[in-house]
Amino acid sequence: MSGFLEELLGEKLVTGGGEEVDVHSLAARGISLLGLYFGCSLSAPCAQLSVSLAAFYGRLRGDAAAGPGAGAGPGPGAGAAAEPESRRRLEIVFVSSDQDQRQWQDFVRDMPWLALPYKEKHRKLKLWNKYRISNIPSLIFLDATTGKVVCRNGLLVIRDDPEGLEFPWGPKPFREVIAGPLLRNNGQSLESSSLEGSHVGVYFSAHWVAGNWEEGTNVRLQDATHVFQCPPCRSLTRVLVESYRKIKEAGQKFEIIFVSADRSEDSFKQYFSEMPWLAVPYTDEARRSRLNRLYGIQGIPTLIVLDPQGEVITRQGRVEVLNDEDCRGFPWHPKPVLELSDSNAVQLNEGPCLVLFVDSEDDGESEAAKQLIQPIAEKIIAKYKAKEEEAPLLFFVAGEDDMTDSLRDYTNLPEAAPLLTILDMSARAKYVMDVEEITPAIVEAFVNDFLAEKLKPEPI
């Protein structure tokens, strides 16, 4: 276990009191579940989470002293004699995005868990990219032995299981989580067993929502006093109604389950009246929350598409529906290489992306570029899928349009074509391969050098 943890976290962590802790000591303590808490001292929601998380952490470890101001934090073996065996297996590590060391120190001082050292900026960024963290606060739980993600939305764990009765919160099969009655907007009730044999879209959306939203993005869910209509939700629902109709008329076994994030039952009923599919009853808050937790939902609208066995086909159902209004690609198995468009450009913010700019409106040239990249993309995706991990790169081909021009301007790329790049928006870094001819060998070497951290980044 210590080998995985040291690869992930480095050799040293620090306590709230500034003491160093050897990462390999976590294995000696029998840690089986690792929580990664992504946050920042300047974020009010992070400050609020730290308070509730400290109480949660203290309860699970049987440490009455744990809480803001506990200071010294859990050194190796600390409190082992007093802690129940099952609860001693949890540890949390804070992964900060702070740019000011004094602010970071002041924030960490109040944490009873461990933190990545401030100087480990590169490792922090790798963790943000590896787990596709797009907003804060975020808390994910990992199996400390295998590194597999156990729960992508730990914030819901704290809310739904404050006493840790469901520890270690491992993912349950969709069939088990969805079990129970489902509704149609005419009041008819069906059992979830009616979904058997069907592809299923799990649609997380809302008419009225509390959160943050910027043009072209999902609404990021949070507790807030500012409540507004969800523009991207309404837009997607209109398209999805037509997609649903076309798929059903084509004879496909397909059903959609609406999981509401509305702030009231009246709002839910008004929105659901526009939908021809099924919904989890609004009053069944526990089941709605379990579905959010199962898929790590942090923003809406999100459409998860499942195969008839309940396995995820794609988490990018929103992008697929908007890019394929005729539903020819249903059930939308992920493509190794995407053509960059207005609807999928938001994925550039999810982690490092290889983008081959061809600057041509000729579909043939774009297709040739996709075929050039695809074998490399497939190899990378297969390698990480075998480890049950997400690929560390997304792959795109960019043609000639206003959106691509804006991306070039924003990232200050040369006007060359073709142009091979890797863009890491969260790190505000770019890697550029400007050569006259781009071959599969050049692409593969470029990707391998990036993954081996041999390339020198340029600032965006």
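Here, every reference points to the structure presented above.
Residues numbered from 1 in each chain as written. Predicted model: local features only at pLDDT ≥ 70, side-chain atom pairs only at ≥ 80, totals over all residues. Heavy atoms only, no water.

(A) Inspection of the sheet that holds strand β23 (residues 429–433) at higher detail. With respect to topology, 6 strands assemble into an open sheet ordered β19-β21-β20-β22-β23-β24, the strand pairing being mixed. The open sheet has two edge strands with one neighbour each: β19 (338–339) and β24 (458–459). Direction of pairing for strand β20 (residues 353–357) relative to strand β22 (residues 419–424): antiparallel, over a ladder of 5 bridges. The residue of β22 that forms the bridge with Cys-353 is Leu-423. Against the sheet, helix α14 (residues 440–451) contacts β20, β21 (394–398), β22 and β23, and its axis sits at roughly 20 degrees relative to β22. (Pairing = 2+ DSSP bridges. Helix = DSSP H or I, 4+ residues; strand = E, 2+ residues; numbered from the N terminus. Contact = heavy atoms within 4.5 Å. Axes fitted to C-alpha atoms, helices over the stretch in contact; angles between N-to-C directions.)

(B) Spotlight on the pairing of strand β3 (residues 33–39). When you tally the buried positions in β3, you get 7 out of 7 residues, the bulk of the element. Burial of β3 is two-sided: the residues Leu-33, Gly-35, Tyr-37 and Gly-39 facing one way and the residues Leu-34, Leu-36 and Phe-38 facing the other way are all buried. Relative to strand β4 (residues 90–96), β3 runs parallel, the two being bridged by 7 bridges. Within the sheet, the bridge partner assigned to Phe-38 lies in β4 and is Val-95. (Buried < 20%, exposed > 50% of the residue type's maximum accessible area, 1.4 Å probe, protein only.)

(C) A look at the packing of aromatic side chains. Applying the stated criterion to the full structure yields 22 aromatic pairs. Ring geometry for Phe-258 and Tyr-271: centres 5.5 Å apart, planes at 90 degrees, overall edge-to-face. Of this pair, Phe-258 sits in strand β14 (residues 254–260) while Tyr-271 sits in helix α9 (residues 265–272), and the two are 13 residues apart along the sequence. Each member of the pair, Phe-258 as well as Tyr-271, is classed as buried. A ring pair is formed by Tyr-431 and Phe-450, whose centres lie 5.1 Å apart and whose planes are at 75 degrees; its orientation type is edge-to-face. Here the residue Tyr-431 occupies a position in strand β23, and Phe-450 occupies one in helix α14, the gap between them amounting to 19 residues. These aromatic residues form a ring-pair network of at least three members: Tyr-203, Tyr-244, Phe-254, Phe-258, Phe-268, Tyr-271, Phe-272, Trp-277, Tyr-282, Phe-330 and Trp-332. One cation-aromatic arrangement involves Arg-288 over Tyr-282; the distance from NZ or CZ to the ring centre is 4.3 Å. (Phe/Tyr/Trp six-rings, centres within 6.5 Å; stacked < 30°, edge-to-face > 60°. Lys NZ or Arg CZ within 6 Å of the ring centre and 35° of its normal.)

(D) Main features of the pattern of salt bridges. This structure, assessed with the given rule, holds 25 salt bridges. Note that Arg-123 and Glu-120 form a salt bridge whose closest N and O atoms lie 3.7 Å from each other. A residue is classified by how much of its surface remains accessible, and Arg-123, at 21% relative accessible area, is partly exposed. In this structure Glu-120 comes out as partly exposed when scored by relative accessible area, which is 23%. Notably, a salt bridge pairs Glu-255 with Arg-184, separated by 3.4 Å at the nearest N-O pair. Taken together, the positions of Glu-255 in strand β14 and Arg-184 in the loop between β8 (181–183) and β9 (189–191) put the pair 71 residues apart, joining distant regions of the chain. Given a relative accessible area of 6%, Glu-255 falls into the buried group. Under the relative-accessibility criterion, Arg-184 is labelled partly exposed at 21%. (Salt bridge = Lys/Arg side-chain N within 4 Å of Asp/Glu carboxyl O.)

(E) Structural detail: the environment of Val-337. Take Val-337: it is sitting in the loop between α11 (317–323) and β19. Residue classification places Val-337 among the buried positions, given a relative accessible area of 4%. For the pair Val-337 and Glu-378, spaced 41 residues apart in the sequence, the C-alpha separation amounts to 8.7 Å. Once residues within four sequence positions are removed from consideration, Val-337 is found in contact with Lys-370, Ile-373, Gln-374, Ala-377, Phe-395, Phe-396 and Val-397.

By themselves, these figures tell us nothing about what the structure is for.
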